[in-house]
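Survey of secondary and tertiary structure
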Amino acid sequence: MEIEFVRSRFIKHFDGETGNIYFSPGRINLIGEHTDYNGGYVFPGAVDCGVMAEVRPNGSNMVRAYSIDLKDRVDFDINDEQGPRATWARFIFGMVKEFQILGVDVKGFNIAFAGDVPLGAGMSSSAAMESCFGCALNDLFADNKISKWDIVLAGQATEHKYIGTNCGIMDQFASVFGKAGSLMRLDCNSREFEYFPFNPEGYRLVLLNSCVKHELAGSPYNDRRNSCERVVKAVQEKHPEEKFETLRDCTWENLEEVADTVSAEDKQRATFVLGEKDRVLGVCDALQSGDYEKVGELMYETHRGLSEEYEVSCEELDFLVEIAKKCGVTGSRIMGGGFGGCTINLVKNELYDDFIATAKKDFAEKYGHAPKVYDVKIGDGSKKIC
Ligand code: GLA
């Protein structure tokens, strides 16, 4: 995104002065879906599109915010407890509140921002906003003393408390910690992570956006999380002498032990999560030995699990994965929270053109529009630009 695009709007909508400019990216995830809030592993990377904001303290107690994309202006007092109604402005409000909880003396500011992460595509435009605003608040009001992890957690708390999605930490983590050219394997339990340079010679990663919009806030996502928590509770009750905090702590055997106590649906959800936990580790091994065919096989298995067991896919995404199979694509699956958005595809260079052409044609014949195509470039995490 161009700095001038954001700057010209900032100048126009406020008093003509310029501020500082910050950027935070969206993310992809190679594998490890719905494992973050279950204490498992994820394998994300930041992308080269995201959210850019220009911010300047205004000497008052008011936040004056302008969404360039929505052409919408919202003002709120930093000491307000309810916050604005507009969802986009609640991301700013949430980060302000969370920084106040961290002890930061946040003052009023003017902010204009824009994004080029496609909305509802499963690429975490919301985390890009949270980490961008966090990066700005840290720089302007906290002398950059707030740690990267605290920004990640403030972003997640914003989702939980001010938006209504009980998400894990993958998206905010990827947006803050991303590094160009590398994926990251994060253990969501211990928060230890490792950078994995990702340069699959002979293959590329491409996203196909079904353009079916997903809305994670509210029930379907939170329902999945509740199912997992009920299973953990049942296992814990069976074994009071041990500690079971998340599905990470549960084995296949534990799941069988509670099969009669939990609902069939909850068991099915947990089956996906336990399988996914193993698949992420399988992908790590395969990447280390350069076995991309194995990586792809596991991606297809994840898709089957997300579709049949976790039930977060939809007809259009299943269709895109079927096209990928038909075209000989190495791996393909729905990416992100689900209920719409993109598939992520690992495809051999020589098959790329045919795959994209077939996907566009077959999808358009069935659904009346072609999927959007995004070639993945793994970019850097949050930063101050100037
Ligand atoms: C959304 C959430 C993440 C994660 C994914 C699914 O993107 O924000 O925390 O749970 O869904 O892997």
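None of the values given here were measured: they were computed from a predicted structure.

Things to note about the sheet that holds strand β8 (residues 193–197)
The antiparallel open sheet is built from three strands, whose spatial order is β2-β7-β8. The open sheet is flanked by β2 (41–42) and β8, the only strands paired with a single partner. As defined by bridge partners, strand β7 (residues 182–187) adjoins β8 across five bridges and the pair is classed as antiparallel. Across the sheet, residue Met-184 finds its bridge partner in β8, namely Tyr-195.

Side note on the sheet that holds strand β5 (residues 72–77)
Strand order in this open sheet of six strands is β5-β4-β6-β3-β1-β13, and the pairing throughout is mixed. Sheet topology places β5 and β13 (383–384) at the edges, where each strand pairs with a single neighbour. Bridging between strand β3 (residues 44–57) and strand β6 (residues 109–115) involves seven bridges; their strand directions are antiparallel. Bridge pairing in β6 places Pro-57 opposite Phe-109. Packing of helix α2 (residues 87–101) onto the sheet brings it into contact with β4 (62–67), β5 and β6, and relative to β5 it is tilted by some 30°.

Considering the packing of helix α3 (residues 125–141) against helix α5 (residues 170–177)
Remark: α3 packs on α5, axes separated minimally by 9 Å, with the N-to-C direction vectors making an angle of 55°. As the angle between them shows, α3 and α5 are arranged oblique. You can see that α3 and α5 cross each other, and the crossing is right-handed. Listed contacts from α5 to Ala-127, Ala-128, Glu-130 and Ser-131 of α3 are Asp-171, Gln-172, Ser-175 and Val-176. Here the contact of α3 with α5 is built from residues that sort into three nonpolar, three polar and two charged.

Regarding the pairing of strand β9 (residues 203–209)
The side chains of a regular strand alternate, first on one face of the sheet and then on the other. For β9, the buried fraction is high: six of the seven residues fall into the buried class. Pairing of β9 with strand β11 (residues 342–348) involves seven bridges; the strand directions are antiparallel. Paired with Leu-208 across the two strands is Thr-343, which belongs to β11. The pairing of β9 with strand β12 (residues 372–375) spans four bridges and is classified as antiparallel. By the bridge assignment for β12, Asn-209 is matched with Lys-372.

Observations regarding the site of the ligand
Taken together, 13 residues lie near the ligand, and Glu-33, His-34, Asp-36, Asp-171 and Tyr-221 sit nearest. A distance of 2.7 Å separates an oxygen atom of the ligand from a polar backbone atom of His-34. One of the backbone N or O atoms of Gly-168 is found 2.9 Å from an oxygen atom in the ligand. Contact with the protein chains hides 96% of the accessible area of the ligand, taken as 310 Å² for the molecule alone. Of the residues belonging to the shell around the ligand, the class tally is five nonpolar, four polar and four charged.

Some details on the packing of aromatic side chains
Enumeration over the complete set of coordinates arrives at 19 aromatic pairs. Aromatic side chains Trp-149 and Phe-173 sit 5.6 Å apart centroid to centroid with 20° between the ring planes, which places their arrangement in the stacked category. Separated by 24 residues along the polypeptide, Trp-149 in helix α4 (residues 148–163) and Phe-173 in helix α5 bring together distant segments of the chain. On the accessibility criterion, Trp-149 (19% relative accessible area) is buried. Residue classification places Phe-173 among the buried positions, given a relative accessible area of 0%.

Calculation rules
- Residues numbered from 1 in each chain as written.
- Predicted model: local features only at pLDDT ≥ 70, side-chain atom pairs only at ≥ 80, totals over all residues.
- Heavy atoms only, no water.
- Pairing = 2+ DSSP bridges.
- Helix = DSSP H or I, 4+ residues; strand = E, 2+ residues; numbered from the N terminus.
- Contact = heavy atoms within 4.5 Å.
- Axes fitted to C-alpha atoms, helices over the stretch in contact; angles between N-to-C directions.
- Parallel < 35°, antiparallel > 145°, perpendicular 65-115°, else oblique.
- Left-handed = near helix turned anticlockwise from the far one by under 90°.
- Nonpolar A, V, L, I, M, F, W, Y, C, P; charged D, E, K, R; others polar.
- Buried < 20%, exposed > 50% of the residue type's maximum accessible area, 1.4 Å probe, protein only.
- Near = heavy atom within 4 Å.
- Polar contact = N/O pair within 3.5 Å; in protein donor to acceptor, adjacent residues only side chain to side chain.
- Areas by Shrake-Rupley, 256 points an atom, 1.4 Å probe, with all protein chains shown as cover.
- Phe/Tyr/Trp six-rings, centres within 6.5 Å; stacked < 30°, edge-to-face > 60°.

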